[in-house]
Each structure stands twice: as C-alpha cells, then as structure tokens.
Amino acid sequence: LSRGEGSDMFHLGTHRFLWLAALSLIPTRVFCSSAEIPDVPSIATYFGTKTRYEEVKPNLLRDPLTVNTSVLRPPPGEFCTPFHVTAVIRHGSRFPTVKNIRRIHRLSELLQNEASRTSESPTGWLDELRNRWEPWYTEDMDGRLVMKGREDLQFLAQRLATLLPSLLSEENVRKRRIHFVTSSKHRCVSSVEAFQEGLQQHWGCHDSAQGYNYEVDDELMRFFERCRGYVEGVENNHTALLEVEKFKHGEEMQAVRKRLAEKLGNVPFDLFFPFRALLDLVEAAFFICSYELSIKSIHSPWCFLFDESDAKVLEYSFDLKQFWKRSHGHLISSLSSCPLFHHIFRTLDKAGRPRPEPASVLVGHAETLIPLISLLGLYKDQTLPTASNYHSQHGRSFRTSHIIPYAANLLFVLYDCQRGPRLQLLINETPLHFPNFQTEDAPLYRDVRAAYRYLLDGCDFNRECERKPEGRGPNTEL
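Residues numbered from 1 in each chain as written. Predicted model: local features only at pLDDT ≥ 70, side-chain atom pairs only at ≥ 80, totals over all residues. Heavy atoms only, no water.

Caption draft 1: Representation of the overall build of the chain within the structure. Of the regular secondary structure elements, the chain holds 21 helices and 7 strands. Buried residues in the chain amount to 58% of all 478 residues. Within the chain, contacts between residues at least 6 apart in sequence are counted, and of these 81% link residues at least 24 apart. When the accessible surface of the chain is summed, it comes to about 20300 Å², and 50% of that surface belongs to carbon and sulfur atoms. (Helix = DSSP H or I, 4+ residues; strand = E, 2+ residues; numbered from the N terminus. Buried < 20%, exposed > 50% of the residue type's maximum accessible area, 1.4 Å probe, protein only. Contact = heavy atoms within 4.5 Å. Areas by Shrake-Rupley, 256 points an atom, 1.4 Å probe, with all protein chains shown as cover.)

What follows is the structure, encoded as structure tokens:
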C-alpha cells in the first residue's frame with residue numbers, strides 16, 4: 001500500500017501538524033496524592049479473565065481519565081499522523097453467570113450449615129463469612145454488565161478520544177462516521193452503548209434523540225460458536241483439556257483445597273462433595289473475592305481465604321484452560337478467528353482509500369480476543385504450559401490476568417507517514433510489538449501485511465472449520 005506501489009493511500013500531511021498541535025494542548029492531569037483508593041486485596045492481580053482493568057492499569061485508580069500520549073510511537077525521524085484506528089474491545093465488568101451464581105449459593109449454604117453444626121464461635125472475617133455474609137447474587141443477573149462495567153467503557157472511550165482526538169473527534173461522533181459492531185450478548189450491547197456515551201460525554205455532544213448506533217454481528221464477534229472443528233475438536237472434546245484436568249488433580253491444587261478447608265475451620269468438604277464439585281467450590285470462593293472487587297470495589301472477607309501462593313496456583317489453572325481451549329494449545333482455536341482477522345485487515349486496507357472511516361470499534365468477549373491474539377502470534381512462550389511444569393512457568397508471558405481483564409482492548413493504529421502508512425499495535429493502551437518486528441513500534445503497513453501474507457491468502461474459515469476434528473491436534477509448532 002505504499003505510494004511507490006501505486007496505492008490510493010492519500011496523503012494526510014495537512015492534518016499532521018493539526019494532530020501534533022492537538023497533542024500539545026492536552027493538559028497534564030494532576031494526580032491527587034490525597035485521593036482515597038479502596039483497599040485492594042493482595043491477590044487482585046491473579047483473577048485471570050475476571051481481573052479488573054485497574055489491576056493492569058493501576059494509575060487509573062487515582063484518575064480514570066489519565067492518558068499517556070507517549071504510547072503513540074511512530075518513528076521519531078518521520079512526520080506521521082494517525083488516520084485510522086480499529087479497536088477490538090472486551091465487554092466491561094459483569095455479574096457472574098448463572099453457573100457461578102449457583103456455585104456461590106451452594107458454598108454459602110455449606111458454610112451456614114457448618115456454622116449451625118459446630119459450637120465454635122469464629123471471629124473476624126471467618127465470623128463474617130459464616131454468620132453475616134449473604135449471597136446477594138440472583139440468577140436473573142446472569143452475566144449482565146454492572147454499573148462499574150459501564151464506567152469501564154465510558155472511561156476507556158474518553159481516554160481514547162484524548163489519545164486520538166482527530167479520529168474519535170466531536171465531528172466524527174456527531175456525524176456517525178465511527179463504525180460500531182457488537183456481539184448480541186447483552187453485556188456487549190450494553191458495553192458498546194456505554195462506549196458511545198463516553199465519547200459523547202468527552203465532547204459534550206450527547207443527543208438522546210439520536211440514540212445508539214451499532215451493528216450486531218455474531219458471525220464476526222462470536223465466530224467460535226460457528227467453527228465445527230473447534231466445537232467438536234476442542235470445546236466438546238474432553239481430551240483437549242487433559243493438561244487442565246491433570247493440574248486440577250495435582251499436588252498444587254490439592255494443597256490449595258486443604259488450606260481452604262483449614263481456614264474455614266476444617267470444613268469436611270470431602271464428605272459432602274465429589275472431587276469435581278469440590279474444585280468448583282474452591283473456584284467459587286476465589287471468584288466471590290473477584291466479583292466483590294470488580295462489582296462493588298470492596299475487599300471481600302472471602303479474599304482472606306487465599307494467600308498469594310494460592311492465587312498463583314489458581315491463576316495458572318485458569319491460564320491452562322484458556323491456553324488449551326482458546327489459544328496456542330490447539331491450532332483450530334486460533335484459526336477460528338479467521339473471520340475477525342480478515343475483517344480487521346480489510347478495514348485497514350479501506351482506510352487508505354478516499355473518504356476513509358476514521359475508526360472501527362468491535363466489542364466482544366474474552367473468547368473473541370484470545371483466539372485473535374493467538375492467531376497474530378502474540379504471547380507465545382517457548383515452552384508450552386502443562387500440568388507438570390507449573391514451577392517453571394512463573395515468568396510466562398501468557399497471563400490472562402494481564403492480557404484479558406474486563407474491558408481489555410487491542411488497538412490497531414494506522415499512521416500516514418513520509419515513507420508510507422505504518423501500523424502500531426497496542427494492548428490495554430500499552431504498545432506491543434508484532435512478532436516479526438521486535439525493534440519497531442510502528443512498522444510499515446506493507447511489511448506487516450507481508451508478514452501475515454500466509455494468513456491473508458489463506459486462513460479460510462470454512463475450510464479450516466469444516467475439517468475433521470481428528471486432524472486438528474495440539475499446536476506444538478513454536
């Protein structure tokens with residue numbers, strides 16, 4: 001797409017200095033040292049995909065609108081200006097799903113029954129758990145976006161409008177030049193609406209009569225449901241997650257379960273529940289801590305049941321599941337995201353034509369982002385995580401707590417530069433290198449396309465997903 005190749009990528013040099021001027025006018029936000037930050041559990045950074053965005057970007061706890069404009073990194077010796085952004089965003093903080101709500105109620109009932117059976121009088125947080133904590137979750141909540149989740153997307157929209165003011169501009173918002181796509185799930189629809197509210201709040205241009213503007217497309221944002229090779233070969237194949245099951249039966253998880261029972265006053269879990277249900281209750285207790293933090297911003301008494309070593313074990317269990325179910329563990333998992341991959345690059349290609357679309361915002365799920373990130377070759381460690389190598393995996397890059405918290409976002413920023421268009425990748429508002437360009441923050445777009453040529457010319461969803469599952473074994477190619 002370089003000009004030398006006869007591309008219709010038009011020159012936006014007249015906007016370059018406007019963009020630089022706009023950045024220079026962004027006021028530096030003052031951090032308030034006296035601002036009260038809620039007490040955060042020491043295990044808050046280990047909740048996997050149920051982690052708050054603030055654990056990845058802790059500076060937002062003091063100021064949810066703070067922006068670091070230095071994350072935009074076109075080559076310093078080249079005049080560049082951004083002229084398109086595609087953002088793939090996960091929904092914000094949500095209520096538990098029905099499955100986890102039922103687990104929470106079972107765990108609460110067990111503790112209350114145990115409290116009525118024993119003559120002991122616990123104190124402190126154990127007393128609060130047994131005698132005063134009530135499960136307030138109801139099944140109609142079923143994964144819906146919470147108020148904190150709406151704020152996640154509203155604040156994200158305002159930060160991105162500050163970072164890219166010429167793209168997410170007031171004019172582009174008013175004239176509906178920004179393309180929005182969402183999954184049909186209510187938490188995603190609510191998230192895309194909250195994002196639009198954030199843009200309107202940022203520019204002071206809210207118009208209730210205008211309503212929301214988005215397209216629902218599950219084929220694009222929930223591709224994993226339509227890929228037969230994935231559904232049959234991984235999702236419904238009990239052997240696909242063998243490493244996860246081995247780890248859950250291993251000594252590290254057994255130690256966590258034992259310590260949990262001891263902290264609860266030696267509750268005889270084993271007498272009441274089969275092993276699988278017992279592990280579900282351990283996870284339920286851990287997740288209550290995460291939900292109370294992400295929904296209510298409180299340090300729940302449930303958090304005291306786990307120390308940091310317990311949390312690391314549970315996080316590894318979650319990461320094993322995501323790795324072998326959604327990521328590099330099985331090739332078909334990442335290939336299922338081919339429709340989204342092609343959509344993104346078609347959008348980037350079109351951005352170089354006359355009257356380009358300044359921004360595309362795609363809202364989906366953790367299950368949307370993880371396969372796409374994997375297809376791009378990101379967070380691919382040299383050693384596969386397995387049930388037997390937990391202790392050597394502490395430095396792994398594939399940590400869902402860091403990569404896919406609530407409101408996780410993957411940004412593709414396209415610049416107009418002197419040598420041709422360049423593309424920069426950011427995850428959670430932090431620069432991330434493409435695998436083949438470890439020394440370049442914003443490589444030439446034509447070079448990025450060349451690096452992914454094998455996917456752009458292939459990666460056919462129908463062909464890949466209709467293959468027999470038996471042929472889609474583990475991906476051991478590193």
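Caption draft 2: Representation of the state of the cysteines in the model. Applying the stated criterion across every chain, the model contains 4 disulfides. In this model, Cys80 is linked to Cys417 through a disulfide, with the two sulfur atoms separated by 2.1 Å. Taking the torsion about the S-S bond as the criterion, the Cys80 to Cys417 disulfide, at about 120°, is right-handed. Of this pair, Cys80 sits in strand 1 (residues 80–90) while Cys417 sits in strand 5 (residues 409–417), and the two are 337 residues apart along the sequence. With respect to class, Cys80 is no different from Cys417; both count as buried. Each sulfur in the disulfide pair Cys338 and Cys459 lies 1.8 Å from the other. For the disulfide bridge between Cys338 and Cys459, the dihedral angle about the S-S bond is near -85°, and by the sign convention the bridge is left-handed. (Disulfide = S-S within 2.5 Å.)

Caption draft 3: Structural context of the pattern of salt bridges. Applying the stated criterion across every chain, the model contains 24 salt bridges. In this structure, the salt-bridge partner of Glu78 is Arg422, at a minimum N-O distance of 2.9 Å. Of this pair, Glu78 sits in the loop between helix 2 (53–56) and strand 1 while Arg422 sits in strand 6 (residues 422–427), placing them 344 residues apart in sequence. Arg422 shares its class with Glu78; the two are buried. What you see here is one network of salt bridges that share partners, running through Arg103, Lys248, Asp280 and Glu283. (Salt bridge = Lys/Arg side-chain N within 4 Å of Asp/Glu carboxyl O.)

Caption draft 4: Spatial organisation of helix 17 (residues 366–375). The element helix 17 is extensively covered by neighbouring structure, given that 9 of its 10 residues are classed as buried. The complete set of buried residues in helix 17 reads Ala366, Thr368, Leu369, Ile370, Pro371, Leu372, Ile373, Ser374 and Leu375. Where helix 17 terminates, the next one or two residues include Gly377, which has phi positive at roughly 85°.

Caption draft 5: Quick look at the packing of helix 5 (residues 147–163) against helix 7 (residues 186–203). Here helix 5 crosses helix 7 at 45°, and the two axes come no closer than 7 Å. Here helix 5 is positioned oblique relative to helix 7, judged by the angle of their axes. By crossing handedness, the relation of helix 5 to helix 7 is classed as right-handed. Touching Arg150, Leu153, Gln154, Leu156, Ala157, Gln158, Leu160, Ala161 and Thr162 of helix 5 are Ser190, Ser191, Glu193, Ala194, Phe195, Glu197, Gly198, Leu199, Gln201, His202 and Trp203, all from helix 7. Here the residues of the contact of helix 5 with helix 7 are counted per class, giving 9 nonpolar, 8 polar and 3 charged. (Axes fitted to C-alpha atoms, helices over the stretch in contact; angles between N-to-C directions. Parallel < 35°, antiparallel > 145°, perpendicular 65-115°, else oblique. Left-handed = near helix turned anticlockwise from the far one by under 90°. Nonpolar A, V, L, I, M, F, W, Y, C, P; charged D, E, K, R; others polar.)

Caption draft 6: The nonpolar core, seen in detail. The biggest cluster of nonpolar side chains holds 102 residues, and the ones touching the most others in it are Trp302, Phe306 and Leu410. Ranked by residues supplied to this core, first place goes to helix 13 (residues 275–296) with 12 residues. Structurally, this core is a two-domain feature, drawing no fewer than three residues from each of domain 1 (48–95 + 145–235 + 328–466) and domain 2 (98–141 + 237–318). Grouped together as the second largest cluster of nonpolar side chains are 36 residues, Leu60, Val173, Ile178 and Val192 included. (Core = buried A, V, L, I, M, F, W, Y, C linked by side-chain atoms within 4.5 Å. Domains from an automatic or database assignment.)

Caption draft 7: Up close: the packing of aromatic side chains. Applying the stated rule across the entire model yields 22 aromatic pairs. Between the aromatic rings of Phe47 and Phe286, the centroid separation amounts to 5.0 Å while the plane-to-plane angle is 70°, which identifies the pairing as edge-to-face. Of this pair, Phe47 sits in the loop between helix 1 (13–24) and helix 2 while Phe286 sits in helix 13, placing them 239 residues apart in sequence. Phe286 carries the same exposure label as Phe47, and that label is buried. Centre to centre, the rings of Phe345 and Tyr445 are 6.3 Å apart; their planes meet at 10°, and the pair counts as stacked. (Phe/Tyr/Trp six-rings, centres within 6.5 Å; stacked < 30°, edge-to-face > 60°.)

Caption draft 8: Molecular detail of the sheet that holds strand 6. Pairing within the open sheet is mixed, and its 7 strands lie in the order 3-2-4-1-5-6-7. Edge positions in the sheet fall to strand 3 (215–216) and strand 7 (430–432), since each of these pairs with one other strand and no more. Against the sheet, helix 7 touches strand 1, strand 2 (179–182) and strand 4 (359–364), its axis set at about 155° to strand 2. Seen against the sheet, helix 17 touches strand 1, strand 4, strand 5 and strand 6 and runs at an angle of roughly 125° to strand 1. (Pairing = 2+ DSSP bridges.)

Caption draft 9: Highlighting the side chain of His328. Position of His328 relative to the elements: it lies in the loop between helix 14 (308–326) and helix 15 (331–335). Classification of His328 by relative accessible area gives buried; the value is 5%. Within polar-contact distance, the side chain of His328 engages the backbone oxygen of Leu378 at 2.9 Å. (Polar contact = N/O pair within 3.5 Å; in protein donor to acceptor, adjacent residues only side chain to side chain.)

Caption draft 10: Main features of the environment of Leu410. Relative to the assigned elements, Leu410 resides in strand 5. Measuring from C-alpha to C-alpha, the distance between Leu410 and Ile89 comes to 6.4 Å, with 321 residues separating the pair along the chain. Excluding residues that lie within four positions of it along the chain, Leu410 makes contacts with Thr86, Ala87, Val88, Leu369, Leu372, Ile373, Leu376, Leu425, Leu426 and Ile427.

Caption draft 11: The confidence of the model for the chain, seen in detail. Averaged over every residue, the pLDDT of the chain is 87; residues scoring 70 or more account for 84%. Segment residues 1–35 is flagged for pLDDT under 50; beyond a separation of four residues in sequence, or across chains, it makes 64 contacts in the model. Contacts from residues 470–478, a stretch scored under 50 in pLDDT, to residues over four places away or in other chains number 23 contacts. (pLDDT = per-residue confidence, 0-100.)

Caption draft 12: Up close: the pairing of strand 6. Taken across its 6 residues, strand 6 has 6 buried, putting it largely inside the fold. A two-sided burial pattern is seen for strand 6, the buried positions comprising Arg422, Gln424 and Leu426 on one face and Leu423, Leu425 and Ile427 on the other. The hairpin turn running from strand 5 into strand 6, its antiparallel successor, is 4 residues long, and Gly420 in that turn takes a positive phi close to 125°. Pairing of strand 6 with strand 7 involves 3 bridges; the strand directions are antiparallel.

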